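Analysis of the macromolecular model
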Amino acid sequence: MHGKILLLDSKPPVRGATARHLTAAGFTVFTARTDAQARSQLDSNLFDAVIIDHPFGRPGMDEGLTFARELRLQDAIVPILLMTALPLDEVRQLAWASGVTKLLPKPQLMPVLILHLSALIPHAANEDELHPIPMRE
């Protein structure tokens, strides 16, 4: 096992595809469509990393950053990877202020996402070589 991941994304096709690829790469993935679902998962599981889509839900809202801030207040250690289709320059300062560990643009190639996750999760780097599944284009 390379780590237990919580994936928060409101779009079912994106959430499902990302979860499948991460699972195929050896991660255990729990998904949430809303911040309430994500909080419920956090109440009953310990995660090695959290991936948050920003913004999720209604476009233009800051749900991803709000969730990251709230999570950081509860857990100072878990890595938070924020993925956004918004210009990184607009999000960067708010992301760091919200406690985000890593900020990545969307779309992101799955092998690159897997490498970033592996770098964020200390014991994942000690596992056997990851075998990322390339995304279909």
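Residues numbered from 1 in each chain as written. Predicted model: local features only at pLDDT ≥ 70, side-chain atom pairs only at ≥ 80, totals over all residues. Heavy atoms only, no water.

**What to know about the pattern of salt bridges**
Throughout the structure, instances matching the rule amount to six salt bridges. Lys106 is the partner of Asp9 in a salt bridge, and the nearest nitrogen-oxygen pair spans 3.6 Å. Of the two residues, Asp9 is situated in the loop between strand S1 (4–8) and helix H1 (12–24) and Lys106 in the loop between strand S5 (102–105) and helix H5 (110–120); the sequence distance between them amounts to 97 residues. By relative accessible area, which is 3% here, Asp9 ends up buried. (Salt bridge = Lys/Arg side-chain N within 4 Å of Asp/Glu carboxyl O. Helix = DSSP H or I, 4+ residues; strand = E, 2+ residues; numbered from the N terminus. Buried < 20%, exposed > 50% of the residue type's maximum accessible area, 1.4 Å probe, protein only.)

**Focus: the confidence of the model for the chain**
Here the chain averages 83 in pLDDT, and 83% of its residues register 70 or above. Mean pLDDT per element in the chain: helix H6 (residues 122–125) is the minimum at 62, and S1 is the maximum at 95. Contacts for the low-pLDDT stretch residues 127–137, under 50 throughout, to residues beyond four places or in other chains number 19 contacts. (pLDDT = per-residue confidence, 0-100. Contact = heavy atoms within 4.5 Å.)

**A short note on the packing of aromatic side chains**
Geometrically, a pair of aromatic rings is defined through the distance of the ring centres and the angle of the planes. Applying the stated rule across the entire model yields one aromatic pair. Pairing Phe30 with Phe47 gives two aromatic rings, centres 5.4 Å apart and planes at 80°, and the pair type is edge-to-face. Within this pair, whereas Phe30 is found in strand S2 (residues 28–32), its partner Phe47 is found in the loop between helix H2 (35–44) and strand S3 (49–54), the two being separated by 17 residues in sequence. (Phe/Tyr/Trp six-rings, centres within 6.5 Å; stacked < 30°, edge-to-face > 60°.)

**Let's talk about the sheet that holds S3**
Strand order in the open sheet made by the five strands is S2-S1-S3-S4-S5, with parallel pairing throughout. Both outer strands of the open sheet, S2 and S5, are each paired with one neighbouring strand and no more. Adjacent strand axes in the sheet meet at a mean angle of 20°, parallel and antiparallel pairs treated alike. Of the strand pairs in this sheet, strand S4 (residues 80–84) and S5 are connected by four bridges, and their pairing is parallel. Within the sheet, the bridge partner assigned to Leu81 lies in S5 and is Lys102. Relative to the sheet, H2 contacts S1 and S2, its axis offset from that of S1 by approximately 165°. Lying over the sheet, helix H4 (residues 88–97) contacts S3, S4 and S5, oriented at roughly 160° with respect to S5. (Pairing = 2+ DSSP bridges. Axes fitted to C-alpha atoms, helices over the stretch in contact; angles between N-to-C directions.)

**A few points about the pairing of S1**
Most of S1 sits out of view: four of its five residues are buried. Sheet topology places S1 next to S2; five bridges connect them, and they run parallel. Across the sheet, the residue bridging to Leu7 is Thr31, located in S2. For the segment spanning S1, H1 and S2, crossover handedness is right-handed. In this structure, S1 lies alongside S3, joined through four bridges in parallel fashion. In the sheet register, Leu6 faces S3, and the bridge partner there is Val50. (Right-handed = clockwise from strand over helix to strand, strands pointing away.)

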